[in-house]
Amino acid sequence: FLEKPENTVDVVFVAKVDSSTLVRKPTMKWLKGKWLDLGSKAGKHLQFKETYDRNTKVYTYEMKLVKVVPGDAGGYRCEVTAKEKCDSCTFEISVEGEQRHTETDLRAGEDAGEDEGDLDFSALLKATKKSPQIEESDVWELLKSAHPSEYEKIAFKYGITDLRGMLKRLKKMKTVEPKVSDAFLRRLESAYSVQKGKKIVLSVEVVDPNVEVKWLKNGQEIKPSAKYIMESNGNIRTLTINKCTLADDAAYECVIGNDKCFTEVFVKEPPVTITKLLDDYHVVVGEKVEFEIEVSEEGAHVIWCFEDQELSREDKTGRYRFRKDGKRHSLIIQEAMLEDTGMFYVYTNGGHSKGELIVEEKELEILQSIADLTVKSAEQAMFKCEVSDEKVMGKWFKDGKEVQPSDRIKITHIGRMHRLTIDDVKPEDAGDYTFVPDGYALSLSAKLNFLEPPKIHLDVSGNMVSQNTIIVVAGNKLRLDVEITGEPAPTVTWTKGDKVVAETEGRVRVESRTGLSSFVIEGAEREDEGNYSITVTNPAGEDKANLFIKIVDVPDPPEHVKCTGVGEDCATIVWEPPKFDGGAPVKGYLMERKKKGSSRWTKLNFDVFEGTTYEAKRMIEGILYEMRVFAVNGIGVSVPSLNSKPFMPIAPTSEPTKLTVEDVTDTTCSLKWLAPEKIGAGGLDGYVIEFCKEGDTEWQVANTDLVERQSYTVRNLPTGEKMNFRVVAVNIAGRSPPAVLSQPVTVREIMEHPKIRLPRHLRTKYIRRVGETINLVIPFQGKPRPVAHWLKDGEPVDPKKVGIRNSNVDSVLFIRSAERDHSGKYTLVLKIENMEDQATLDIRIIDKPGPPLAVKVTDVWGFNAALEWKPPKDDGNCEISGYTIQKADMKTKEWFTVYEHNRRTNCTVSDLVMGNEYMFRVFSENLCGLSEDPSLSKNTATISKTGHLLIDKNPYRQNCIFTSDVNAAPKFTTPLVDRSVVAGYSTAISCSVRGFPKPKIIWMKNRMIIGEDPKYLMMNHQGVLTLNIRKPSTFDGGKYGCMAVNDLGQDEVECTLVVRGTLTMREREREREKSERERERERQREREREREKSERERERQREKRERERVSERERERERVRESERERERESERRERVREERE
């Protein structure tokens, strides 16, 4: 314990237990007296609380007494156990007014010590023994002067039953002088607790390890045995008590000479619980009663009590017998008496039970009971009964009131027969009649039924519209309460037509109560309408009433809602009236519309519309709409109709624009036009072309189906006639206004010279790669239709190699997969009678070139080598655009590109490495790319370390020796660059150096040489120096330097490395905002570019349309001029013919 309860008059007690060394949660018990466990008494009066502090590992236990009573006074003990460990402490509760009684009368037979109070039943039940009369002061003087081993004899002699209370009073009376022990280093604990049958060890520590100790129990020395084992181990002396019994519950002493220490051992006996409780009994006088219980332990002691008195086996009356059979205990009463009525109790040390016994007198026997009577008016009614005792008198009651004799009512008692006679029965005589014998708790009852014809009292004035007609609105509840009279209660039958309505539950049901029958319809429906009848019958007669229930409802929804016509912002809707008007005339309709795909409906009218055709306005063109209609009558509004099919308010387009004549023959006329300026949401389905002769008003349609193109040729026209033409645009809304030619057109073919309009990109050499597809479209013009044919290099083309397709306006040359033999000059010849036009195309099919020829090393000096070669034999049918030169070290055989797009057939390769031997290769290049294969050099170039270069593999220059001094001081060709990195991410810094002899490389940080630090990795690959820094921290920042040293000198470069810490949340947010702003600016610039691009595109389109319009006007003028020249030629011809005739 860290804190123990103290003796106090407070009502809350706190105990704290340290569990830091415990594996499991400890178990706490609160006890009153010796063994009474208070855990089973928890309730309103006694409350327990437990808390745990995880930080300190301390359990806090609280016991609270609510409204303390004098019975709560006494000794208490709290005990905590955990596996093999146990600790306990005792404390007392003092209640004002009880202490005096406790101290002055310890011999009163009411165990006023630890077992005192309401919770200790044993003190109330123990028999009091009368002790010898002696002065109280003499007893205490005797106890004070006596040895502790004599306490029990003196207490038994003078009738003191509370030994613990006696010891506590003696402790208070004695004044013990504290003294320091010279024999004990550690004394016995104040108290020990052990379970019955378990082992306990008492241990002390002495000063002298050789001293002998004695162990006493209640003042008697303990001898070593199998039960008591005494051990000595150095300064430790132990007493082990095996298999503790109740006899081991005593005071123990450890004695060394004149010094001793004391303790008390408490042996806890498991409480005996009641497993089968007492039953209650209800018997008559003279019957046998046997109360029986079962307890948890065999041989347990139980106490039987009746009310507040203990029942003893020494009872002189002999009315109670006790029986014990194993765990069963019985209390037997042979013949129960009235005074045995009450509560019987049984107690054990672990619980109690109670049972109630009720004893009654024997019942009176009924030989003949009274029976129900049914009589008519003015008849006689007689109730009679017979009991077993002739002397028994009784009284008659009607509906709880005593019946008094009169001229019509007679009460007689002859022997065992009792009669009640009623003459001239009237309706008020009906009721419940009861005969009650005097002195007995019983009664005989019967009913007098008065016959009365049934009668229906129908009152439906609130629902009536005509005689026996009830109107109910559909969906409402109808409850028709019909009052019924008649004796006996008549039988009620409801029918609809020939069908009986008998359901008592459900939507349509019949509810019955005394004198009332209710017909109920929950949520009236149309099928509930009809003729109903109610019939009531009883033995006295029958009555019937007829009703007609009419159900009125909202009408059905309108039908066949559809759109019959649309405009630019309006639509015409029609529908049919509902089939059923709901029993009331339809007053009109309400309309709603919504956009297709939406769920939001818009009301079109708030006042009822009486017609069935409605024009909806203020709609948006090009939007699909749906309509629905509601019908309205005097009851309400119907559910909506089915949605109409989606419709779209649209308007016809404007007229087509720029209608012109494109071509005229002897029987045809080709027209051309542009789309309408305003098309609208209805789109454009096509065009209708119409024509008529000049002067006629009847227009003929030239096309049976709509024309989607913006050109059309009208055929089968009469030659030489003047015809008017017009074009109409058509969409879902109908025809647009027509576009009409400004003047009639004469149907007559006009001769036109053939002319080839060669595209601009074909006027120069047309180059394609091998395998590509060639599809050339060459437009031409001429009337009548020209004849076109193709030539290749002056010969007709082979149709197996080249595909040709000719039409009225163009000729197509098609090659599916181009080959080099397709190259050549292609000529298109266009003929009309004796007129001709030609156009020539130069087509060249190219391929990759072959490799160069005779690549060789012509000269080597210092770190340089000179190469020469010849152009390839096959140039791929295309001019060679350049050469690509590569070199490779003979050791690594890795190729590196030296020059690209070199136009000459020679070059000089520099920066070769001393001591290496090199070979070279060359690729040729044209428009198709590099040649498939390179050409290797016939000889190699060797760079000597001493500066002497020998080219011994050159077949053209044998024994050529060049001498030069190649030793050089170190020189950094690429310096270090300042870096800024983020902490935790590996980085590297690089530079390059050249020098001979090979320089020694030294890396430094802040002018300090970097040694063999595993954080750094230094690499040197052919003069490229790299310092890798693994996961740098902010301390790795600073100035880094690289020094190269050889015999000829040294060189050094430096850079600054900044290592940034990981960004904070705010910095990351700022970086995110900054990047977001950058992206926004980039998006803005992109939108600006897109806008400028679209503006340029629109400008180009505008210029293109303008050019087309100008060219169209020019062509139109040219056609007009041509027609005028034709007319002039025609007039001149006619004039010549006339002159010749003349």
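About the cut-offs
In this convention, every chain numbers its residues from 1, walking through the sequence in written order. Owing to the predicted nature of the model, reporting of local features is limited to residues with pLDDT of at least 70; listing and counting of side-chain atom pairs is limited to 80 or more, with chain, interface and lining totals taken over all residues. Water and hydrogen atoms were dropped before computing side-chain values, which therefore reflect all heavy atoms in the structure. UniProt positions are given in the numbering used here, feature names are shortened, and annotations may be inferred rather than shown by experiment. Runs of H or I in DSSP of at least four residues are treated as helices and runs of E of at least two as strands, each being numbered from the N terminus. Values of the radius of gyration come from C-alpha atoms, whereas the globule rule sets the reference at 2.2 Å times the count of residues to the power 0.38. Per-residue accessibility, obtained with a 1.4 Å probe over protein chains only, is compared with the maximum for each type, and a residue is labelled buried under 20%, exposed over 50%, and partly exposed between these values. For this analysis, a salt bridge means a side-chain nitrogen from Lys or Arg found within 4 Å of a carboxyl oxygen belonging to Asp or Glu. Only strands that DSSP links by at least two bridges are regarded as paired with each other. Interaxial angle, 0 to 180 degrees, is taken between N-to-C directions of lines fitted to C-alpha atoms, where a helix line uses only the stretch in contact. Counted as a polar contact is a pair of N or O atoms within 3.5 Å, where, for protein atoms, one must be capable of donating a hydrogen and the other of accepting one, and residues adjacent in sequence contribute only when both atoms are in side chains. Contacts are assigned to residue pairs that have any heavy atoms within 4.5 Å of one another. Summary of the metric used: pLDDT quantifies the predictor's per-residue confidence within the range 0 to 100. Among the buried residues, those of types Ala, Val, Leu, Ile, Met, Phe, Trp, Tyr and Cys that are joined through side-chain atoms within 4.5 Å form a nonpolar core. What goes into a patch is any residue over 30% in relative accessible area without a salt bridge, connected to like charges within 9 Å or, for nonpolar side chains (Val, Leu, Ile, Met, Phe, Trp, Tyr), within 5 Å. The method behind every accessible area is Shrake-Rupley, applied with a 1.4 Å probe, and residues are considered shielded solely by the protein chains displayed. A pair of Phe, Tyr and Trp rings is counted when the ring centres sit within 6.5 Å of each other, with Trp represented by its six-membered ring. The angle between the planes then sorts it: under 30 degrees is stacked, over 60 is edge-to-face, the rest tilted. Only a pair of cysteine sulfur atoms within 2.5 Å qualifies as a disulfide here.

For the protein, an unreviewed UniProt entry supplies the name Myosin-binding protein C, fast-type and the organism Pygocentrus nattereri. Per UniProt, the comment on the protein under Sequence similarities (unreviewed entry) is "Belongs to the immunoglobulin superfamily. MyBP family."

**Comments concerning the overall build of the protein**
Within the protein one finds six helices and 88 strands. Its C-alpha radius of gyration of 65 Å places the protein more than 25% over the 32 Å reference for a compact globule of 1142 residues. A principal-axis box enclosing the C-alpha atoms of the protein has dimensions of 185 × 125 × 50 Å. In the protein, which comprises 1142 residues, the share counted as buried stands at 37%.

**Quick word on the pattern of salt bridges**
Counted according to the given criterion, the structure contains 65 salt bridges. Here Glu522 and Lys477 are joined by a salt bridge, their closest N and O atoms 3.2 Å apart. Here the residue Glu522 occupies a position in the loop between β42 (516–521) and β43 (530–538), and Lys477 occupies one in the loop between β37 (469–473) and β38 (478–487), the gap between them amounting to 45 residues. Note on Lys477: relative accessible area 47%, which makes it partly exposed. Of the charged contacts in the structure, one is a salt bridge between Glu1130 and Arg1134, with a shortest N-O distance of 3.3 Å.

**Thoughts on the sheet that holds strand β13 (residues 228–233)**
The strand order across the open sheet built from four strands is β8-β10-β14-β13, with neighbouring strands paired in antiparallel fashion. Edge strands, defined here as strands with exactly one partner in the open sheet, are β8 (184–186) and β13. The sheet shows a mean angle of 30 degrees between the axes of neighbouring strands, direction not considered. Pairing geometry for β13 and strand β14 (residues 236–241), over six bridges, is antiparallel. Bridge assignment links Met230 to a residue of β14, and that residue is Leu239.

**Description of the side chain of Thr668**
Of note, Thr668 is situated in the loop between β51 (657–664) and β52 (669–674). Of note is the side chain of Thr668, whose polar atom sits 2.3 Å from the side chain of Thr665. Setting aside residues no more than four positions away along its own chain, Thr668 makes contact with Asp663, Thr713, Val714, Arg715, Leu717 and Val747.

**Regarding the confidence of the model for the protein**
Averaged over all residues, the pLDDT of the protein is 83; the fraction at 70 or higher stands at 90%. In the model, residues 98–137 has pLDDT below 50 throughout and makes 81 contacts with residues more than four positions away in sequence or in other chains. Predicted confidence is poor over residues 947–965, with pLDDT under 50, and the contacts of this stretch with residues over four places away or in other chains come to 41 contacts.

**Section: the UniProt feature "domain: Ig-like" (unreviewed entry) in the protein**
The UniProt record marks residues 178–273, 362–434, 454–548, 754–842 and 970–1058 with the feature "domain: Ig-like" (unreviewed entry), using the residue numbering of this structure. The distance separating the terminal C-alpha atoms of residues 754–842 is 22 Å; by composition the span is 0% helix and 58% strand.

**Things to note about the pairing of strand β72 (residues 895–902)**
With five bridges connecting them, strand β71 (residues 882–889) and β72 associate as antiparallel partners. The partner of Ile885 across the bridge, within β72, is Tyr899. Connecting β71 to the antiparallel partner β72 that follows it, the hairpin turn spans five residues, and Lys893 within it adopts a positive phi of roughly 55 degrees.

**A look at the nonpolar core**
Within soluble globular proteins, side chains that are nonpolar tend to cluster in buried spots. Within the largest apolar cluster, 23 residues are counted, with the highest numbers of intra-cluster contacts made by Leu202, Trp215 and Tyr252. Taken together, the elements giving at least two residues each to this core come down to β9 (191–195), β10 (200–206), β14, β15 (250–256) and β16 (259–268). Not counting the four nearest positions on each side in its chain, Tyr252 is found in contact with Leu202, Leu216, Lys217, Ile222, Tyr228, Leu239, Ile241, Cys261, Phe262, Thr263 and Val265.

**Observations concerning the pairing of strand β34 (residues 444–450)**
Burial within β34 is extensive, with five of its seven residues counted as buried. With three bridges connecting them, strand β27 (residues 373–375) and β34 associate as parallel partners. Looking at the pairing, Leu373 lines up with Leu448 of β34.

**A look at unusual backbone geometry**
Here the bond from Phe996 into Pro997 is cis, since omega is 0 degrees, no more than 30 degrees from zero. Within the secondary structure, Pro997 is located in the loop between β82 (987–996) and β83 (1000–1005). Positive phi, normally seen in glycine, also occurs at Asn877, with a value near 65 degrees. For Asn877, the position within the fold is in the loop between β70 (864–870) and β71. Taking relative accessible area as the criterion, Asn877 reaches 24% and is therefore assigned partly exposed. Although it is not a glycine, Lys1031 adopts a positive phi angle of roughly 45 degrees.

**A look at the UniProt feature "domain: Fibronectin type-III" (unreviewed entry) in the protein**
With numbering aligned to this structure, UniProt lists the feature "domain: Fibronectin type-III" (unreviewed entry) at residues 557–653, 655–750 and 851–946. With 0% helix and 40% strand, the stretch residues 557–653 has end C-alpha atoms that lie 38 Å from each other. With 0% helix and 46% strand, residues 655–750 has end C-alpha atoms that lie 30 Å from one another.

**Looking at the sheet that holds strand β11 (residues 214–217)**
Read across the open sheet, the five strands follow the order β9-β16-β15-β11-β12; overall the sheet is mixed. Looking at strand neighbours, the two that pair on one side only are β9 and β12 (220–221), the edges of this open sheet. Bridging between β11 and β12 involves two bridges; their strand directions are antiparallel. Note on β12: the bridge partner recorded for Lys217 is Gln220.

**Quick word on the environment of Val1120**
The topology assignment puts Val1120 in helix α6 (residues 1065–1141). Given the relative accessible area of 36%, Val1120 is considered partly exposed. For the pair Val1120 and Asn233, spaced 887 residues apart in sequence, the C-alpha separation works out to 144 Å.

**What about the environment of Lys825?**
With respect to the helices and strands, the residue Lys825 is situated in strand β67 (residues 824–832). Along the backbone, Lys825 and Gly326 are 499 residues apart, and their C-alpha atoms lie at a distance of 133 Å. Among all residues touching Lys825, those that are not within four sequence positions of it are Leu791, Lys792, Asp793, Thr840, Leu841 and Asp842.

**Details of a nonpolar patch on the surface**
A cluster of nonpolar side chains, Val11, Val12 and Val68, forms an exposed patch at the surface whose accessible area comes to about 180 Å². Mapped onto the elements of the fold, Val68 is located in the loop between β5 (58–65) and β6 (74–82).

**A few points about the packing of aromatic side chains**
Taken as a whole and judged by the stated rule, the model has 21 aromatic pairs. Judged by centre distance (5.2 Å) and plane angle (35 degrees), the ring pair of Phe13 and Phe91 falls under tilted. Residue Phe13 is found in strand β1 (residues 12–18), and its partner Phe91 is found in strand β7 (residues 85–93); the two are separated by 78 residues along the sequence. Here Phe13 matches Phe91 in class, with each residue buried.

**Comments concerning the state of the cysteines**
Following the criterion strictly, the structure yields zero disulfides and no others. Of all cysteine sulfurs, the one in Cys1042 lies closest to Cys991, which takes part in no disulfide; the gap is 4.1 Å. On the basis of relative accessibility, which here comes to 2%, the residue Cys991 falls in the buried class.

**Regarding the side chain of Ser203**
Tracing the backbone through its elements, the reader meets Ser203 in strand β10. The exposure class assigned to Ser203 is buried, which follows from its relative accessible area of 15%. When residues no more than four places from it in sequence are discounted, the contact partners of Ser203 are Arg186, Arg187, Leu188, Tyr192, Ile236, Arg237 and Thr238.

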